[in-house]
Amino acid sequence: MTNLMNRSMFNSMLKLRQLSAAKGRATNGISRASSTSSSAHQKVSDNANTGIKLSTVAGIAGLSLTAGYAAGNFNNLTSTTSKDSRELPSGLPRGCCSCDSPPVELNLTKSQEDLPSNLASLIGEENVISGLTEDSSNTMYLKGARLGRGKALAIVTPISLQDAVKALEVAVQADCIVIPQGQNTGLTGGSVPREEEDKRPAVIISMRKLNMMFPIDNGEKVVCLAGAGIATLANNLNKWGFPDRESHSTLGSTFLDPTTAAGVAFGSGGTQLRKGPAYTDRALYAKVKQDKWGRHVIELVNTLGIEGIEDTDFHENKGSSIEQLDIYANDIKQGYDRPMASSSDSQHGKAMASDRSYPDNVCECGNDKKGSAVSRCNADTKGELCNRSEGKVLILATVHDTFQRAAEKGSYWVACKDFETTLRFRKEVCLDNAKDLPISMEYMDRDTFDIVDRSGRILANLIKVIGMGSMMGSLWNIKLKIEAMPFDGAELICDKLLHTFNVMCPAILPKKFMKVGKSMDHHVAMTVGEFGEGEKARLLLRMKKFVAENEGKIEIVECDGSSDEMSLTAFRFVAAPAFRTWCVGEDVQGFSVDYALPKNAGEAPPLLGKVGEIDQPVPLKRMRYSHFGCNVVHEDLAYALGVDTHAAKLALKKEVEKDCGGKLPAEHGHGTEYSAPKETQKRWMNMDPLNIMNPGIGGLSSKYKYSSK
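Because the structure is a prediction, the values reported are computed rather than measured.

Engineer: Please set out the pattern of salt bridges residue by residue, giving values where relevant.
Structural biologist: Two side chains of opposite charge can pair, provided their charged atoms sit close to one another. Scanning the entire structure with this criterion turns up 36 salt bridges. With a shortest N-O distance of 3.9 Å, Asp163 and Lys166 are connected by a salt bridge. Highlighted residues: Asp163 and Lys166, both in helix α5 (residues 161–173), separated by three residues, approximately one helical turn. Asp163 sits in the buried class, given a relative accessible area of 2%. In this structure, Lys512 and Asp560 form a salt bridge, with 2.6 Å as the shortest nitrogen-oxygen distance. Taken together, the residues Lys512 in helix α15 (residues 511–519) and Asp560 in the loop between β17 (554–558) and α17 (561–573) connect sequence positions 48 residues apart. Three or more residues joined by partner-sharing salt bridges are found here, namely Glu246, Lys275, Arg405 and Lys409.

As structure tokens, then:
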């Protein structure tokens, strides 16, 4: 047994062997349909007609980041801005505090000492990173977006599905725990190492490099490897020649290109009311179990349902589904045209690749048992094990439905004088029936409007100019690296400067929206579509009738073209990062929660009860913004320094669940922040009976086989 290895020892071990990155191209392929898929090279196109020059926004952002780096090296922040003196939101969409664990010494076995070099030998030293000492090169893997921070014996970034499974197998055999990771945009601590009571070292398997995707079934479905980003997928459908199809998810964090696999693992919802949360029963994933000899082994589960890569298509020792999928994906990556694959006629090929019942579900909002239920939450146990698995299995690839694009769209800013009118608009106009549902409807209260306008202008304009995807994610990673630098105040300096420079940047919303935004307190950004059966006309007729019956209580402003629409989208998506910037800039603290309220409810949970021995303090700001049709709410609450925000958060959670009939979390996952219901915990324990995969989530034990000792 030895003490924790340092970074130089790690790098010396990695130099033991080089692995060629070249992959051979096989000629046998997947069973095909008649259509042909093009190369899946991924780009994010710029938006035109934005009303602000890219150089202006990029210059301001660059100045902020550069000045932050320089100022941090020469000046310490005062004690009131120290990260230890307050609770801060993360700045990721709907973020919260950072809860960092103290460093812990690890005693490594010989097999664990050898693990980094063994991994390098298997999958290439360029795909293995040390995680024993956090620095700006690895903080994106080790530190949670909102909470959580720890060490990893190794961070693995495989470039093939087979390499991912090899890494999993070797890590398990060395008695390590394994943490699957996508873009690490999760907000509840479940995607990074934790310093738990159990002392097994952690290995992170980051799936970022496995970002290939391709259409099947003439574009009606897509296959995504585990690192495929949802923003990239949305762009690729058009490049593949399917301009009439749309992808399955649009999240608040879409501009960071979070992975489709993470969406499935959390059951993420997002803005797309007609499509529902991320869900599929068609996947390829790996489980860890114990064989009859007591050995830890890997079981591959293939429910993809694709012709030519069903398990039954391969004889023993003559190829495999995972090998064939690697070949197909690598061919597309290299730019080779391959005949498009098709779903098989098997049970898996006919299984659901989205939650098709969701539109009917959200419209059941009457005063009955169905209306008193929530539309969705992370504790749901239905479907294939990959769904809401939260890292208890390693998702390798998933199949997702695409959706008909509206032939005609209209976007509207709906402003209401009071919340009662807003709730009636939701029920009477938007949720009248499942067929006429809006594409999206996003609620924002007055505090949200004011804070986004004050502290979110730079980020919103950047999204409008460069779009959502890899470029925006790269800029965000620069900010994270600066915040991880080893000088006092690094964590806060970027937001301090962003808060200062935001007032110099143009407002993201055109004047007509700003005017109504400042005159009313409750707002809904809504997009409706025509799908060929008069859906848009019917909804607009109900909206016109509602306005006439509620004169003086509601005002509606229509978007003029794509520039207005993108402005509304960017304004809504930067709500949480704007809140962090506002808190840092105003020298206050804050926290965030997400929850689902019953479909027939909606009023804000009252801030009642005690915090310690005193009544709950009144927050300085209470931002409430929601996926309004789903009744899934995100709250960001700001308090003065010195307030016990942890106690305030617990009191709010109790109010949501005990008194309002809600459930939390609704879409960010349980991670290490929330305890899951017993039924959900039992499902996870059945997935991972040895507690090797992402131990400690949802209130479960972090120890081997869930031991209490």
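Engineer: Mind laying out the packing of helix α11 (residues 446–455) against helix α18 (residues 575–586), listing which residues take part and the relevant values?
Structural biologist: If you want to describe how two helices pack, look at the angle between their axes and the distance between the axes. In contact at an axis separation of 8 Å, α11 and α18 are set at 70° when each is read in the N-to-C sense. Put simply, α11 runs roughly perpendicular to α18. Where α11 abuts α18, its residues Thr448, Ile451, Val452, Arg454 and Ser455 lie against Ala575, Ala578, Phe579, Thr581 and Trp582. Residue composition of the contact of α11 with α18, grouped by class: six nonpolar, three polar and one charged.

Engineer: Which residues make up the pairing of strand β14 (residues 408–416), and what are the values?
Structural biologist: Counting buried residues along β14, seven of its nine residues qualify, which places the element largely inside the surrounding structure. Two strands pair when backbone bridges link them, and β14 and strand β16 (residues 522–530) are joined in this way by nine bridges, in the antiparallel orientation. Counted as the bridge partner of Tyr412 is Met526 from β16. Alignment of β14 against β17, held across five bridges, turns out to be antiparallel. Within the sheet, the bridge partner assigned to Val414 lies in β17 and is Ile556.

Engineer: Account for the environment of Cys583, naming residues and giving values.
Structural biologist: Within the secondary structure layout, Cys583 lies in helix α18. Owing to a relative accessible area of 0%, Cys583 belongs among the buried residues under this scheme. Sequence spacing of Cys583 and Asp495 is 88 residues, and the spatial spacing of their C-alpha atoms is 8.8 Å.

Engineer: Kindly report on the packing of α5 against helix α8 (residues 321–333), identifying the contributing residues and their values.
Structural biologist: Their axes nearest at 8 Å, the elements α5 and α8 cross at an angle of 135°. Between α5 and α8, the angle falls in the class oblique. Residue-level contacts link Leu161, Gln162 and Val165 of α5 to Ile322, Glu323, Leu325 and Asp326 of α8. Among the residues forming the contact of α5 with α8, the class breakdown is four nonpolar, one polar and two charged.

Engineer: Give me the environment of Pro243: which residues, what numbers.
Structural biologist: Following the sequence through the fold, Pro243 ends up in the loop between α6 (230–239) and β8 (245–246). Judged by relative accessible area, which is 47%, Pro243 ranks as partly exposed. The sequence separation of Pro243 and Arg405 amounts to 162 residues, and the corresponding C-alpha distance is 7.8 Å.

Engineer: Just give me the short version of the sheet that holds strand β4 (residues 177–181), but keep the residues and values in it.
Structural biologist: Taken in spatial order, the four strands make up an open sheet running β2-β3-β5-β4, and their pairing is mixed. Each of the sheet's edge strands pairs with one partner strand only, and the pair in question is β2 (128–131) and β4. Ignoring which end each strand starts from, the neighbouring axes of this sheet average 20° apart. Two elements, β4 and strand β5 (residues 202–206), share five bridges in a ladder whose sense is parallel. Looking at β5, one finds that Gln181 is bridged to Ser206.

Engineer: Outline the nonpolar core, supporting the account with residue identities and numerical values.
Structural biologist: Grouped together as the largest cluster of nonpolar side chains are 68 residues, with contacts concentrated most on Leu168, Leu325 and Leu396. No other element matches the eight residues that α5 contributes to this core. The residues touching Leu396, leaving out its near neighbours within four places in the chain, are Leu161, Ala164, Val165, Met207, Cys224, Leu225, Ala226, Leu284, Tyr285, Leu300 and Ile322. Counting 34 residues, the second-largest nonpolar core is a separate cluster that includes Leu459, Met520, Met566 and Tyr625.

Engineer: Explain helix α3 (residues 110–123) to me, using residue names and the numbers behind them.
Structural biologist: When the terminal C-alpha atoms of α3 are compared, their 20 Å separation across 14 residues agrees well with the 20 Å that a helix rising 1.5 Å per residue should span. If you look at α3, its biggest bend is around 40°, right at Pro116. Among the residues of α3, Gln112, Glu113, Leu115, Pro116, Ser117, Leu119, Ala120, Ser121 and Ile123 are the ones counted as buried. At the C-terminal side of α3, Gly124 shows a positive phi close to 100°.

Engineer: With reference to specific residues and values, describe the sheet that holds β16.
Structural biologist: Across the sheet, seven strands lie side by side as β17-β14-β16-β15-β21-β22-β18; this open sheet has antiparallel pairing. The sheet is open, and its two edges are formed by β17 and β18 (589–596), each paired on a single side. In this sheet, neighbouring strand axes are inclined to one another by 15° on average, regardless of whether the strands run parallel or antiparallel. Pairing analysis gives seven bridges linking strand β21 (residues 621–627) to strand β22 (residues 632–639), with the strands arranged antiparallel. Within the sheet, the bridge partner assigned to Arg624 lies in β22 and is Glu635. Sheet contacts for helix α10 (residues 419–430): β14, β15 (440–445), β16, β17 and β21; angle to β16, the most-contacted strand, approximately 10°. Sheet strands in contact with helix α16 (residues 535–549) are β14, β16 and β17, and its direction is about 150° off that of β16.

The rules we used
- Residues numbered from 1 in each chain as written.
- Predicted model: local features only at pLDDT ≥ 70, side-chain atom pairs only at ≥ 80, totals over all residues.
- Heavy atoms only, no water.
- Salt bridge = Lys/Arg side-chain N within 4 Å of Asp/Glu carboxyl O.
- Helix = DSSP H or I, 4+ residues; strand = E, 2+ residues; numbered from the N terminus.
- Buried < 20%, exposed > 50% of the residue type's maximum accessible area, 1.4 Å probe, protein only.
- Axes fitted to C-alpha atoms, helices over the stretch in contact; angles between N-to-C directions.
- Parallel < 35°, antiparallel > 145°, perpendicular 65-115°, else oblique.
- Contact = heavy atoms within 4.5 Å.
- Nonpolar A, V, L, I, M, F, W, Y, C, P; charged D, E, K, R; others polar.
- Pairing = 2+ DSSP bridges.
- Core = buried A, V, L, I, M, F, W, Y, C linked by side-chain atoms within 4.5 Å.
- Expected span 1.5 Å × (residues − 1).
- Bend = angle between axes of the 7 residues up to and from the residue.

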